[in-house]
Amino acid sequence: MGIAAGSALAAAAVTGLAATATGIAQQAIVEQRNATPTDRSLIGPYGSTRSMNVTEEAGYLARMVAHDQEAVTAARQLRRSDRPQMRALGASIIVRQGADIAKMRAWLDKWYPGRSGMATGQPMIRDLSELSGDALDHAFLLDMIPHHMAAVSMSQQLLMSGRAQHSQTADFAMRVRDARHAEMFQMQRYLGQWFKGWSMPCGMRK
């Protein structure tokens, strides 16, 4: 296979992966919008993945630090979940994304002094502190799927634009894209198992 053909196949694979992730995230948002008035009163504002455009490496790292901090904060609430699968999911996010935050901050301090901690954005995850039982698990899954989609989208943008200035960042973005895409499917399966009415978007089943 020639280099050009191989590159085209790789680009198509990335595009397909992002389309699948988008389908899952859109299904979560549709379910959120169809919630009862009581449920909707618990829902915080979603940030739009369209506003998370990546224009350069430092911006990607700074945005991902803030993005992952929000995920870690939410994941800590799963320590109160009644389901061992959700407690394990929360612990995994805390450990893995906590380590990613430390790594990205070190890169920012080394390569882009003064850029660490500068990124802010609209919250994507509601306040989970008052929820428990099924309400906690359901809200976390519905919010974290679009949240993961934002990380997939930002990572894909950086990779496809060629704006990663360091191989470490490119490798990191690929890992984030693939790992969180897979975790979105895991969370979708939990929604299907535990909460009536959730279904994988047509053509998106894995």
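For the structure, see preceding data.
Residues numbered from 1 in each chain as written. Predicted model: local features only at pLDDT ≥ 70, side-chain atom pairs only at ≥ 80, totals over all residues. Heavy atoms only, no water.

Chemist: It is not clear to me how the overall build of the chain should be interpreted in this structure. Could you clarify?
Modeler: For the chain, the helix and strand inventory stands at six helices and zero strands. Reading the helices (α) and strands (β) of the chain from amino to carboxyl end gives α-α-α-α-α-α. In the chain, the share of contacts with a sequence separation of at least 24, taken over all contacts with a separation of at least 6, comes to 79%. Looking at the chain as shown, the accessible area adds up to about 10000 Å², and 54% of this sits on carbon and sulfur atoms. (Helix = DSSP H or I, 4+ residues; strand = E, 2+ residues; numbered from the N terminus. Contact = heavy atoms within 4.5 Å. Areas by Shrake-Rupley, 256 points an atom, 1.4 Å probe, with all protein chains shown as cover.)

Chemist: Help me understand the environment of R79 in this model?
Modeler: Positionally, R79 belongs in the loop between α3 (57-76) and α4 (84-111). Owing to a relative accessible area of 58%, R79 belongs among the exposed residues under this scheme. Considering only alpha carbons, one finds R79 and G90, 11 residues apart in sequence, at a separation of 7.1 Å. Setting aside residues up to four positions removed in sequence, R79 forms contacts with R87 and I94. (Buried < 20%, exposed > 50% of the residue type's maximum accessible area, 1.4 Å probe, protein only.)

Chemist: I tried to follow the environment of D68 on my own but got confused; where do I start?
Modeler: Assignment of secondary structure puts D68 in helix α3. Separated by 79 residues in the primary sequence, D68 and H147 have C-alpha atoms spaced 9.3 Å apart. Non-local contacts of D68, meaning those with residues more than four positions away in its chain, are made with Q97, D100, I101, M104 and R180.

Chemist: Honestly, the packing of aromatic side chains in this entry has me stumped. Any pointers?
Modeler: Any two aromatic rings considered together are summarised by their centre-to-centre distance and by the angle between their planes. Scanning all chains against the criterion turns up three aromatic pairs. Ring plane angle 15 degrees and centroid distance 5.5 Å describe the contact between W107 and W111, whose orientation is recorded as stacked. Highlighted residues: W107 and W111, both in helix α4, separated by four residues, approximately one helical turn. Taken as a pair, W107 and W111 share a single burial class, namely buried. Measuring from centroid to centroid gives 4.6 Å for Y190 and W194, while their planes differ by 10 degrees, and the two rings are stacked. Taken together, the positions of Y190 and W194, both in helix α6 (residues 167-194) and four residues apart, correspond to about one turn of that helix. Through a chain of ring-to-ring contacts, the aromatic side chains of W107, W111 and F172 assemble into a single cluster. (Phe/Tyr/Trp six-rings, centres within 6.5 Å; stacked < 30°, edge-to-face > 60°.)

Chemist: It is not clear to me how the nonpolar core should be interpreted in this structure. Could you clarify?
Modeler: If you look at the biggest cluster of nonpolar residues, it comprises 45 residues, and the most contacted ones within it are Y60, L128, F140 and L141. Listing elements by their share of this core, those giving two or more residues are α3, α4, α5 (133-161) and α6. Residue contributions to this core peak at 12 residues, all from α5. Leave out the neighbours within four places in its chain, and Y60 touches V54, M154, S155, L158, T169, F172, A173 and V176. (Core = buried A, V, L, I, M, F, W, Y, C linked by side-chain atoms within 4.5 Å.)

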